[in-house]
Amino acid sequence: MAWIILIIAGLFEVGWAVGLKFTEGFTRMVPTGLTVVSMVISLGLLGIALRTLPLGTAYAIWTGVGTVGTAILGMALFGEPAQAMRLVCIGLIVAGIVGLKLVTH
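Residues numbered from 1 in each chain as written. Predicted model: local features only at pLDDT ≥ 70, side-chain atom pairs only at ≥ 80, totals over all residues. Heavy atoms only, no water.

A. Structural view of the nonpolar core. The biggest cluster of nonpolar side chains holds 14 residues, and the ones touching the most others in it are L6, L46, L53 and I61. For this core, the secondary structure elements donating two or more residues are α1 (2-23), α2 (29-49) and α3 (55-78). Among the elements that line this core, the one with the most residues is α1, at five residues. Ignoring anything within four residues of it in the chain, the contact list for L53 reads A2, W3, L6 and A58. (Core = buried A, V, L, I, M, F, W, Y, C linked by side-chain atoms within 4.5 Å. Buried < 20%, exposed > 50% of the residue type's maximum accessible area, 1.4 Å probe, protein only. Helix = DSSP H or I, 4+ residues; strand = E, 2+ residues; numbered from the N terminus. Contact = heavy atoms within 4.5 Å.)

B. Up close: the packing of α3 against helix α4 (residues 84-103). For the pair α3 and α4, the least separation of the axes is 10 Å and the interaxial angle reads 150 degrees. If you check the angle between α3 and α4, you find them roughly antiparallel. Judged by the sense of rotation from one axis to the other, the crossing of α3 with α4 is left-handed. Residues T57, A60, I61, G64, V65, T67, V68, A71 and M75 of α3 form the contact with α4, whose participating residues are R86, L87, I90, I93, V94, I97, L100 and K101. (Axes fitted to C-alpha atoms, helices over the stretch in contact; angles between N-to-C directions. Parallel < 35°, antiparallel > 145°, perpendicular 65-115°, else oblique. Left-handed = near helix turned anticlockwise from the far one by under 90°.)

C. A look at the side chain of T57. Within the fold, T57 resides in helix α3. The exposure class assigned to T57 is buried, which follows from its relative accessible area of 12%. Residues within four places of T57 in sequence aside, it is in contact with W3, L100 and T104.

D. The packing of aromatic side chains, seen in detail. Scanning the model with the defined rule gives two aromatic pairs in all. Plain terms: the ring middles of F22 and F78 are 5.5 Å apart, the flat faces sit at 50 degrees to each other, and that makes the pair tilted. One end of the pair, F22, is in helix α1; the other, F78, is in helix α3, and 56 residues separate them in sequence. Look at Y59 and W62: their rings are 5.6 Å apart centre to centre, the planes differ by 45 degrees, and that puts the pair in the tilted class. A residue pair is termed a helical-turn pair when its members lie 3 or 4 positions apart in one helix, as Y59 and W62 do in helix α3 at three residues. Of the residues examined, Y59 reaches a relative accessible area of 46% and is grouped as partly exposed. On the basis of relative accessible area, W62 is assigned to the buried category, the value being 6%. Geometry around F78 places K21 over its ring, the cationic atom sitting 5.6 Å from the centre. (Phe/Tyr/Trp six-rings, centres within 6.5 Å; stacked < 30°, edge-to-face > 60°. Lys NZ or Arg CZ within 6 Å of the ring centre and 35° of its normal.)

Below, the structure written as structure tokens:
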């Protein structure tokens, strides 16, 4: 169950990272509120997952999920470049996430 909670925490990290773009420097109230809520949920779920998962592994996976999701949404929503080397590097992050899951008991 901790792994599922950790992945959900990572997805909320994507939500607040992308939400930051929509806050326009925290000048828009609704996006700012949603971003702050996503931050709180993400950190809260990470804290719950850390009850049973190793810190280093959990933090690496949390940030990895956030990084991959944010990079993909940056390309999809904001027209950021989807160059082959960038996609390869994102794939390496995914491989690292999977690898950490496989070696963690």
